[in-house]
Amino acid sequence: MPNKMRLLIVLHSHQPVGNFHHVFAMATQKCYRPVMEILYQYPDFRIALHFSGPLLIWLKENDSELLDMIGAMYARGQVELLSGAFYEPLLAAIPRRDAITQLKMQNAFLQKYFNAQANGFWLAERIWEPSLPEVVAQANLGYTIVDDTHFYYAGLNDEDMFGYHLTEREGHVMALFPTNKQLRYAIPFQDPGQTVNFLKQSYEKHGPTCATYGDDCEKFGLWPKTYNLVIERAWLKNFIETILQEQDWLQPDTPGAVMQNFSPKGRIYLPTSAYEEMLMWALPWQVTRQMEEMIEQLKQENRYEQMRRFLRGGLWENFLVKYRESNLMHKKMLTISSRLNAAQPLAYDHLLQAQCNCSYWHGLFGGLYLSHIRHAVHSNLITSESLLDETEFAKSGQAIKCGTRDFDLDGNEEVVFACPKLDLVIHPAYGGSVSMLNLRGPKFNLADTLTRRPEAYHSLFNQDKHINSSCVLADGDNSDSVEAFSPHDKIVVKEEGLENFLLYDWYERAVFQDHALPYHTDLDSFNKAIFTEWGDFVDQPYTLLAAHKNNTQAVCHMLRHGHIWSPDGPWPLSVEKSFHLQANGGLRCHYTLNSTNQRTPGFMWGVELNLTLLSDIDTERYIMADGLRVEFKDFFAGQMPIETFSLINKSDGFKVDFKLSLPGTLWSWPVYTVSQSESGLERTYQGTSLVVLWNLNGGEFKKDFSLSMEV
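This section reports on the structure supplied with the text. Because the structure is predicted, anything quoted here is derived from the model rather than measured.

Thresholds, definitions, all that
Residues numbered from 1 in each chain as written. Predicted model: local features only at pLDDT ≥ 70, side-chain atom pairs only at ≥ 80, totals over all residues. Heavy atoms only, no water. Core = buried A, V, L, I, M, F, W, Y, C linked by side-chain atoms within 4.5 Å. Buried < 20%, exposed > 50% of the residue type's maximum accessible area, 1.4 Å probe, protein only. Helix = DSSP H or I, 4+ residues; strand = E, 2+ residues; numbered from the N terminus. Contact = heavy atoms within 4.5 Å. Polar contact = N/O pair within 3.5 Å; in protein donor to acceptor, adjacent residues only side chain to side chain. Phe/Tyr/Trp six-rings, centres within 6.5 Å; stacked < 30°, edge-to-face > 60°.

## Focus on the nonpolar core
A general tendency of soluble globular proteins is for nonpolar side chains to be buried together.
And step 1. Val35, Met36, Phe45, Leu49, Ile70 and Trp316 are the most contacted members of the largest nonpolar core, which totals 128 residues.
And step 2. Looking at this core, the element that brings in the most residues is helix H1 (residues 21-40), giving eight residues.
And step 3. Filtering out sequence-adjacent residues up to four positions away, Ile70 remains in contact with Met36, Leu49, Phe51, Leu81 and Phe114.
And step 4. Listed in part, the 61 residues of the second largest apolar core include Leu422, Leu581, Tyr591 and Val607.

## Brief notes about the side chain of His427
And step 1. Its location among the elements puts His427 in strand E13 (residues 422-427).
And step 2. The exposure class of His427 is buried, given its relative accessible area of 1%.
And step 3. A distance of 2.6 Å separates a polar atom in the side chain of His427 from a polar atom in the side chain of Ser435.
And step 4. Not counting residues within four places of it along the chain, the set of residues in contact with His427 comprises Arg324, Leu328, Asp408, Glu414, Gly432, Ser433 and Ser435.

## Points about unusual backbone geometry
And step 1. Following Ile187, the chain continues to Pro188 via a peptide bond in cis, the omega torsion being 5°.
And step 2. With omega at 10°, the peptide bond leading from Gly569 into Pro570 counts as cis.
And step 3. Relative to the helices and strands, Pro570 resides in the loop between strand E20 (553-564) and strand E21 (571-582).
And step 4. Unlike most non-glycine residues, Asn140 shows phi in positive territory, near 60°.
And step 5. Judged by its relative accessible area of 61%, Asn140 is exposed.
And step 6. Positive phi, close to 50°, is recorded for Asp626, a residue that is not glycine.
And step 7. Residue position: Asp626 is located in the loop between strand E24 (621-625) and strand E25 (628-630).

## What about the packing of aromatic side chains?
And step 1. On inspection of all chains with the given rule, the structure shows 38 aromatic pairs.
And step 2. Between Tyr275 and Trp281 the ring centres are 6.1 Å apart and the planes differ by 85°, which places this aromatic pair in the edge-to-face class.
And step 3. Judged by its relative accessible area of 9%, Tyr275 falls in the buried class.
And step 4. Centre to centre, the rings of Phe645 and Phe658 are 4.8 Å apart; their planes meet at 10°, and the pair counts as stacked. Placement of Phe645 in strand E27 (residues 642-649) and of Phe658 in strand E28 (residues 654-677) is noted, with a sequence separation of 13 residues between them. Of the two residues, Phe645 and Phe658, neither departs from the other in class, the shared state being buried.
And step 5. Feature note: the residues Tyr275, Trp281, Trp316, Phe319, Tyr323, Trp361 and Tyr369 constitute an aromatic cluster, connected by ring pairs.

Written out as structure tokens, the structure is:
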């Protein structure tokens, strides 16, 4: 019988699809390579490793020597390699067929490159669903790592957080290893001796069993100041040597080996869950804050550990409610997946890449708030759908599509247009606006601008919007002035004056959003979302009158009987709004405004276009308004009427021209959010809001005008 305590270290290394090449390179230089080089020096220190598919692809192309080093450690029996869903999706959030395919892809890579037959797999973000054992059984995988939180939610106790348990679905058995929270928060932030003391006490209390640490490798070089601590000041070397010095009772091992030498502790059925922070982040921000305050109070009362099993946040899927942008990507992904078959491997691979989980949610780190990560999802979705439509267009002999369905599954019908150059989603129920505006040539969603929302961590700023004492101003990573810390415990502020960008929108940002504004409205109040809105159009439903197509164009016709809510109103205002997509990619939005009361006051009609070219500092991306260059980082309130303006993107090789049938004025300003990342609170460019304004004199009138765009 085994007579030693086993320490299972499982390191997970991942970079998302679409991350910058220099980020992959920096992460490899500061974390993955030095960590693997140190591990290589200690053949007796057994460990389990997981590398996600995007990172494996990058390393294969850019640092194959590092993969060879990992392969050598595997060949000598030091390392167990874990499988996982290749492009790091959340298995519970994608179709079953895709989940199985992703797992088999990772299995195949490990087999081909390392001659490794994986038994276990890394569960992305530890998002657990009770149905998973049946799914992963199709890929011949037998165990995974989850948090101890999952086990507490199932009613287990502290002594059950050692060893492993079995679960099943439809007779398909899987082993579950609970990670120990005390280890997760100690490694690598505390002295190695404290970990040894904890393991010694556990050994004396529970006998020979195993304690599991499963967490991100990035904590060993990429988290704030960890490169200085873990690599330069040799924490990892000291940790390994400290563990190996205790070999009379303690042995570093791997989950696969433990399953061969230890019996399971028993059976368990876990509820739908994730790690506890994730479940809090999935809640509405106000509730997240309340839960954080409740947990802090329980800790002060020394009751938290007793009560934590009863404290649960939300479900991961509620990120799809919290963030409309996430839901739109997710539903587009589901739509494309339902159209694919095995005879379309290239389109299928792009769909699988678009399932990478990072851009679909936001918590401690950027995720959804990082526009280049969202762009990668949209780009892959556009590529996949374009390949599918090319086949359909060729078979039908037509080059335009028009359909109506509940695209985003909100109970309302949307209109979907597509042609070889462009596709878009129109939401009659949400102001007749457009949520996706996909340029198929450059694989670019122009409409991917994030709405400015409150987040729970914005409470770090007090009511006067000054940063509170729980935060520190950023300094260099290699400085010895501040000890390495977990972002769970301390927040870094990366820019002075960040509180000035805490602005919140009262409607979800989209394209072709309709405003009726009093004449005195200015750009500053519009940017700060404190302007007076006279119309009831921007977030209110239009009636869908017709959606149809012929061989040359698709048409969507909508109507709203709204009002001008001026101080002496309301005054009736009917708006007919129609979209016309040409087979050659030209798009026109036509308006007919009808006022039937002579007392209707004059106002400005504004059409808001929330668009992005991904950067506010790239000099190759800018706006041209009747010959005047406007930078995306600038606030611009045009004084002279214009008839045309353009978005120029020389970096990606395209230009989008807009034409007004009736001269109007143009406002433009950058949309910034304050979000949290590994390195602290930061300002992030999300896109640019452009508003085309027409002055209307009021009284009885019927006015026709249109705004057209062409790529």
